[in-house]
Amino acid sequence: MNNSTGSYVLEKTGFEKDNEELLINETLFHNANGYQGVRGNFEEGYPEGYDTIRGQYINGFYNSYKISTEEWHIGFIQEKHSMVNVFDTQSVKIWIEGEELDLFTGNVTEYRRTLDMKKGITSRSFVWESPAGRKVSVRIERMASFEMLPLFLIRYRICPLNFSGTVKMESVQSGDVYNYFNQKDSRVAGEKRIHMRVKDVEADGTTGILVSETVRSGLEAACAVSHVFSGPVSQTLVCDEKSITDRIEFGAEEGKWSCAEKYSILCDSLRYADVKEEALRLLDLAVEKGSGYWYGKQEEFLEKFWEGCAIEISGDEELNLSLHFSQYGLLQSAGLDGVSNIGAKGLSGEGYEGHYFWDTEMYMLPFFSLTQPEVARKLLGYRYHILDQARENAVKMGHPKGALFPWRTINGKECSYYYPSGGAQYHIIGDITYGIIQYYLITGDWDYIVEQGAEIVMETARIWYDLGNFYKGKFHIHDVTGPDEYTCVVNNNYYTNLTAKHNLIWAAKLYEKLKEKGQLEKLQDKIGITESEITGFKTAAEAMYLPYDEELDINPQDDSFLSKKVWDMASIPEGAGPLMQRNFLYHIYRYQVCKQADTVLAHFLFEDEQELSTIRNSFEYYEKITTHDSSLSRCIFSIIAAKLGEKEKAYQYFDFSSKTDINNSQKNTKDGIHTANMGGTYMAVVYGFLGLRVKEGGFFFRPILPDEWNGIRLDLCLRGSRIEINADRDQCRFSLKKGDPVEIHVYDEVYELSDEITVEMRG
Ligand code: BGC
């Protein structure tokens, strides 16, 4: 298969017979709009023996199930919550003159799949010659509408090439669906569970409606389906207990295209009071407006999206495609309704069960904060929505007050069963605060801080203060896990302690600022924060212990890290897959080996905490012992390599990271896209090559250009003003496109950007 070079169209040609390739393409060519996601399965299905993941999901829509375990301890979760495969509305089977269209028989030519990121549609087209020699040309387009989120539209077109005859179509909507599982892989582990029960099946004229409920979590969803045809058809709807089949028949003429449009509406009880009524109402509206209207709206929406965030690298179209694919992936995955967020795999697959992690604030939020701040604010709104549950979780985990956000969640409750690399990752609360503060510094949105942000920052600061302890004048944080999941439950993880310090400092700062502005009272009434707590926060932050090794001039990952054996990296076979899938986890923990950037990530977020020489030494030290088994890693190494002026290395890490899904580099794209990595790819451009850091003192740029590129152009939204950055080998131009002048620092010189400035490139 070939990838096309058009930078907004991902294209693959050549019929994909291979099971693994089918799985990957189901992910790459999925349709999603932040609310619902549909994997790119074949409408007509697959022959016996193929194992693919047929799925349609609603963001945040989950079922719960009890975890059965022999040994249970207080604080360990007893229930899990998974995003469910909710319905199947993508099935369409075809018979031409009695022969079933099955690409695995007969002959397939001109096969092509595309994802058009400007039109917002995927397509699959081919010419099929049946075993009896009948030839048809088929073109199927699919769209998850950004304008009407519950709408998923399939436009199925067929043209006989060497005959005229009868075409039969069976278009199915089914509630008989299951989630995929694979017990050998922790990312999609589980067992075959029934998550949904169909409770209502109804065909009314030419409209089919199904209502299902989750078996334990008490949620409901409805799907309503209707078709529109280009010519006369005969049509019968047949219901059984769990599905509705629309049997359609029409005459097709040689050389003439016939078209069937399948409108599906999915509504769920997290967002709608009466799911059935709402699905039917929206279906009427969707059909009445017609597909042309929805296609047009889709393009309009995307035009605006790209206008605000497009990046163009001159000299590398392949890279542009992967960058656009990353940005589009983030857009498709972002739940903006307050009850959902961005899953680790977006809405493209079942990996990580649709759960939300620190990934959002640390990896995906920067893209939105820097290009579409209104979207960033909505994403942050989710944390506020689950703040009460975070308070309950804190108490459960032994903290008398404060808010401890769950490590992974879909409904606000902790969902990680394996505590050492789950709930022990306390840094998530520091990460959420970091995301909030970066959003505030980028946008200047003080209202958000007053309404939601300050409360979260103070409640999380309370956890750090309770978690740590003063010992010999220093504040220590024990028994936590940092980002590196190959080193668990340790004392004084450097990254964690720095995020805690930042959290405590900002809680105090916001407190003082609110007080100064006379805006503290409401918050004080609500959470009872006191002056003496604030004093405690400041003292703990000042006294925060940060591990440092003088001899090596590096920051050890934690107190015990350097005393461990070093894993023999040369012994890891090429392409062997993640260490954790081949070794007992506690065995890994006893070694110096990292799954992902940890201290190196801290050096990026808090670069002023250490000398440049220490950052360099740390980078070189950890580089040798990091497997990058997590896709969240290479982008961060790229950013620090760029900071250190190591252009080639920065480029190599970035190149790998940006093509993770397109190249299936982590070997698990079948389970879904890697949304954090997609955000990380964007970060590697902006924080890496443009060298942007957002600090209290303003916006600081240090652009460098990899030798492989001729130039780069992109837009950012800083403090509500839109600026364009245009760098080539010699110069970097900053132009104010819209809004008030913005102060920026480039290579440590300060400029008031009111029109345009040009700076000589130094790297
Ligand atoms: C990483 C975590 C990440 C999670 C979800 C894991 O493999 O180690 O840092 O949050 O994946 O993306």
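This one's a predicted model, so the numbers in the text were calculated from it and none came from an experiment.

## Let's talk about the nonpolar core
Alright, step 1. Counting residues in each nonpolar core, the largest one holds 183 residues, and the members touching the most others are Y363, F701 and L716.
Alright, step 2. Looking at this core, you find at least three residues from each of domain 1 (2–279) and domain 2 (417–627).
Alright, step 3. In contact with Y363, not counting residues within four places along its chain, are W358, L601, L632, C635, I636, A676, G679, G680 and M683.
Alright, step 4. Ranked by size, the runner-up nonpolar core spans 28 residues in total, among them L22, V108, I140 and Y156.

## A look at the packing of aromatic side chains
The geometry of two aromatic rings is summed up by the distance between their centres and the angle between their planes.
Alright, step 1. Tallying each qualifying case throughout the model produces 43 aromatic pairs.
Alright, step 2. Centroid distance F15 to Y111: 5.2 Å. Interplanar angle 65°. Geometry classified as edge-to-face. Placement of F15 in the loop between β1 (9–13) and α1 (19–28) and of Y111 in strand β9 (residues 107–116) is noted, with a sequence separation of 96 residues between them.
Alright, step 3. Using a relative accessible area of 5% as the deciding quantity, one classes Y111 as buried.
Alright, step 4. Look at Y586 and Y589: their rings are 4.8 Å apart centre to centre, the planes differ by 65°, and that puts the pair in the edge-to-face class. Here Y586 and its partner Y589 are both found in helix α13 (residues 585–589), three residues apart, which amounts to about one turn of the helix.
Alright, step 5. On the basis of relative accessibility, which here comes to 5%, the residue Y589 falls in the buried class.
Alright, step 6. Over the ring of Y65 we find R193; its NZ or CZ atom is 3.7 Å from the centre of that ring.
Alright, step 7. Between K513 and the ring centre of W446, over which it is positioned, the NZ or CZ distance is 4.8 Å.

## Quick look at unusual backbone geometry
Alright, step 1. Not every positive phi belongs to a glycine, and K667 is a case in point at roughly 65°.
Alright, step 2. Turning to its location among the elements, K667 is positioned in the loop between α17 (647–658) and α18 (675–689).

## Focus on the domain arrangement of the protein chain
Alright, step 1. As far as domains go, the protein chain holds domain 1 (2–279) and domain 2 (417–627).
Alright, step 2. Computed from C-alpha coordinates alone, the two centres of domain 1 and domain 2 are separated by 42 Å.
Alright, step 3. Between domain 1 and domain 2, the residue contacts involve seven residues of the former and four residues of the latter.
Alright, step 4. When the two sides are added together, the surface that domain 1 and domain 2 hide from each other amounts to roughly 520 Å², 59% of it contributed by carbon and sulfur.
Alright, step 5. Where domain 1 packs against domain 2, one counts one residue pair in polar contact (both at pLDDT 80 or more).
Alright, step 6. In terms of residue class, the side of domain 1 that touches domain 2 is made up of three nonpolar, one polar and three charged.

## Describing the pattern of salt bridges
Alright, step 1. Scanning the entire structure with this criterion turns up 59 salt bridges.
Alright, step 2. Among the ionic pairs, R139 bridges to E141, the shortest N-O distance being 3.0 Å.
Alright, step 3. With a relative accessible area of 23%, R139 lands in the partly exposed category.
Alright, step 4. Between E533 and R462 there is a salt bridge; the shortest N-O distance is 2.7 Å. Remark: R462 occurs in helix α9 (residues 446–467) and E533 occurs in helix α12 (residues 531–542); sequence separation between them is 71 residues.
Alright, step 5. Residue classification places R462 among the buried residues on the basis of a relative accessible area of 6%.
Alright, step 6. Here the salt bridges do not stand alone but share partners, grouping D388, R391, K401, E455, E459, R462, K526 and E533 into one network.

## Re a nonpolar patch on the surface
Alright, step 1. Together, Y418, F584 and Y586 make up an exposed nonpolar region whose accessible area comes to about 320 Å².
Alright, step 2. Mapped onto the elements of the fold, F584 is located in the loop between β23 (565–566) and α13.
Alright, step 3. Using a relative accessible area of 58% as the deciding quantity, one classes F584 as exposed.

## Thoughts on the sheet that holds strand β26 (residues 698–701)
Alright, step 1. Strand order in the open sheet formed by four strands is β25-β26-β30-β31, with mixed pairing between adjacent strands. Where the open sheet ends on each side, the last strands, each with one partner, are β25 (693–695) and β31 (749–753). On average, adjacent strands in this sheet sit at an angle of 30° to one another, irrespective of strand direction.
Alright, step 2. The pairing of strand β30 (residues 742–746) with β31 spans five bridges and is classified as antiparallel. The residue bridging V746 from the neighbouring strand is E749, located in β31.
Alright, step 3. Here helix α8 (residues 427–443) sits on the sheet in contact with β25 and β26, set at roughly 90° to β25.

## A word on the sheet that holds strand β27 (residues 711–718)
Alright, step 1. With respect to topology, five strands assemble into an open sheet ordered β20-β27-β28-β29-β32, the strand pairing being antiparallel. Sheet topology places β20 (311–314) and β32 (756–760) at the edges, where each strand pairs with a single neighbour. Sheet twist, expressed as the mean angle between neighbouring strand axes with direction ignored, is 20°.
Alright, step 2. Summarising the sheet, β27 and strand β28 (residues 721–728) pair through eight bridges and their orientation is antiparallel. By the bridge assignment, G711 is partnered in β28 with D728.
Alright, step 3. Relative to β27, α18 is tilted by about 95°, and along the sheet it contacts β20 and β27.

## Quick look at the side chain of R142
Alright, step 1. Considering the arrangement of structural elements, one finds R142 in strand β11 (residues 135–144).
Alright, step 2. Judged by relative accessible area, which is 5%, R142 ranks as buried.
Alright, step 3. Within polar-contact distance, the side chain of R142 engages the backbone oxygen of N41 at 3.4 Å.

## Observations concerning the site of the ligand
Alright, step 1. In the vicinity of the ligand, the contacting residues are A344, Y352, F357, W358, D359, W407, E485, K595, Q596, S630 and L632.
Alright, step 2. A distance of 2.6 Å separates an oxygen atom of the ligand from a polar atom in the side chain of D359.
Alright, step 3. K595 is positioned with one of its side-chain polar atoms (N or O) 2.8 Å from an oxygen atom of the ligand.
Alright, step 4. Protein chains shield 93% of the accessible area of the ligand, which is 310 Å² for the free molecule.
Alright, step 5. Classifying every residue of the shell around the ligand by side-chain character gives six nonpolar, two polar and three charged.

## A word on α9
Quick reminder: α-helices carry 3.6 residues per turn. Residues three or four places apart thus point the same way.
Alright, step 1. Along its length, α9 reaches its greatest deviation from straightness, about 55°, at Q452.
Alright, step 2. Counting buried positions along α9 yields 17 of 22 residues, so the element is predominantly enclosed.

## Quick word on the packing of helix α5 (residues 359–371) against α8
Packed helices, taken two at a time, are described by the angle their axes make and the gap between the axes.
Alright, step 1. Two elements in contact, α5 and α8, have axes whose closest approach is 10 Å; the angle formed by their N-to-C orientations is 15°. Here α5 lies roughly parallel to α8, going by the angle between them. Crossing angle aside, the handedness with which α5 passes α8 is right-handed. Touching E361, M362, L365, S369 and L370 of α5 are D431, I432, Y434, G435, Y439, I442 and T443, all from α8.

## Looking at the environment of W306
Alright, step 1. Examined against the element boundaries, W306 turns out to sit in helix α3 (residues 291–309).
Alright, step 2. Separated by 22 residues in the primary sequence, W306 and Y328 have C-alpha atoms spaced 9.1 Å apart.
Alright, step 3. Once you skip the residues sitting within four places of it in the chain, W306 turns out to touch Y8, M117, K118, H324, Q327 and Y328.

## Quick look at the environment of E623
Alright, step 1. You can see E623 is positioned in helix α15 (residues 612–623).
Alright, step 2. Owing to a relative accessible area of 19%, E623 belongs among the buried residues under this scheme.
Alright, step 3. In sequence terms E623 and Q596 are 27 residues apart; their C-alpha atoms lie 9.7 Å from each other.
Alright, step 4. Non-local contacts of E623, meaning those with residues more than four positions away in its chain, are made with F637, K649 and Y653.

Calculation rules
Residues numbered from 1 in each chain as written. Predicted model: local features only at pLDDT ≥ 70, side-chain atom pairs only at ≥ 80, totals over all residues. Heavy atoms only, no water. Core = buried A, V, L, I, M, F, W, Y, C linked by side-chain atoms within 4.5 Å. Buried < 20%, exposed > 50% of the residue type's maximum accessible area, 1.4 Å probe, protein only. Domains from an automatic or database assignment. Contact = heavy atoms within 4.5 Å. Phe/Tyr/Trp six-rings, centres within 6.5 Å; stacked < 30°, edge-to-face > 60°. Helix = DSSP H or I, 4+ residues; strand = E, 2+ residues; numbered from the N terminus. Lys NZ or Arg CZ within 6 Å of the ring centre and 35° of its normal. Buried area = accessible area lost by both parts, 1.4 Å probe. Polar contact = N/O pair within 3.5 Å; in protein donor to acceptor, adjacent residues only side chain to side chain. Nonpolar A, V, L, I, M, F, W, Y, C, P; charged D, E, K, R; others polar. Salt bridge = Lys/Arg side-chain N within 4 Å of Asp/Glu carboxyl O. Patch = residues over 30% accessible without salt bridge, like charges linked within 9 Å, V, L, I, M, F, W, Y side chains within 5 Å. Areas by Shrake-Rupley, 256 points an atom, 1.4 Å probe, with all protein chains shown as cover. Pairing = 2+ DSSP bridges. Axes fitted to C-alpha atoms, helices over the stretch in contact; angles between N-to-C directions. Near = heavy atom within 4 Å. Bend = angle between axes of the 7 residues up to and from the residue. Parallel < 35°, antiparallel > 145°, perpendicular 65-115°, else oblique. Left-handed = near helix turned anticlockwise from the far one by under 90°.

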